Amino acid sequence: QVIRATHLGIPTLLMVRDPVDTVVSHMMYRGVSARQALSAWIRFHARLLPHRRDFVVAPFEVATSDFGSVIREINRRFGTSFREFHHTEENLDRVFALIGRQNRERYGRLTETISRPTRERDRRKHAPLREVEDEELSGLRRRADGIHQRLLTPGG
């Protein structure tokens, strides 16, 4: 969808998270192995590299702490006038309340797959993280890290 959006001339944002953090979350959500999740991360992101100049990349840490700056970059880059998000406690509370409502509507309750930080999620990350950090997967981690760095570099 990222590549298609750029071909259609749609202002496009790719939020990029550290591969290991992403893979651990993917493992927890989908119940897949570290190898499968790392391979999927690589496959998806490597396909975007030739199109790197056609979309805005926001590191996960920036998108989740200063989304207003991300919107400013989109507006600058594409000549758009999207309204900026103001990163205040009140706005964050509204966003997290919306996420909670959507999870309850979809699943009838808050679930372990809720897309927001929780203590329970943090507790459950330890075993998948050990699997991802296994020496046998070091080559995949290096490849993912290289792609991650290229995506974060303007001009790729």
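Just above, that's the structure.
A brief structural summary. (Residues numbered from 1 in each chain as written. Predicted model: local features only at pLDDT ≥ 70, side-chain atom pairs only at ≥ 80, totals over all residues. Heavy atoms only, no water.)

**Here's the deal with helix H5 (residues 67-78)**
Selection criterion: Each helix is a run of DSSP H or I of at least 4 residues and each strand a run of E of at least 2, with the numbering of both proceeding from the N terminus. Each helix should span, by expectation, one fewer than its residue count multiplied by 1.5 Å. Relative accessible area decides the class of each residue, using a 1.4 Å probe on protein chains only: under 20% of the type maximum gives buried, over 50% gives exposed, and in between gives partly exposed. It is the directions from the helix axis to the C-beta atoms whose arc is reported.
Here H5 contains 12 residues, and its C-alpha end-to-end distance of 16 Å stays within 8% of the 16 Å for a straight helix at 1.5 Å per residue. Every buried residue belonging to H5 is among Gly-68, Val-70, Ile-71, Ile-74 and Asn-75, and all of these are buried. Projected down its long axis, H5 shows its buried positions confined to an angular sector of 160°, all on one face.

**Concerning the nonpolar core**
Convention followed: We define the nonpolar core as a collection of buried residues of types Ala, Val, Leu, Ile, Met, Phe, Trp, Tyr and Cys that are connected through side-chain atoms lying within 4.5 Å of one another. We call two residues in contact when some of their heavy atoms are within 4.5 Å.
One finds Val-132 and Leu-151 to be the most contacted residues of the largest nonpolar core, which totals 24 residues. Elements that contribute at least two residues to this core include exactly helix H1 (2-7), strand E1 (13-16), helix H2 (19-30), helix H3 (34-46) and helix H9 (138-152). In this view, Val-132 contacts Val-20, Val-23, Val-24, Met-27, Ala-34, Leu-38, Leu-137 and Arg-141; residues no more than four positions away in its chain are not counted. Ala-58, Ala-63, Ile-71 and Ile-74 belong to the second-largest nonpolar core, a separate cluster that totals 6 residues.

In short, geometric facts, not functional conclusions.
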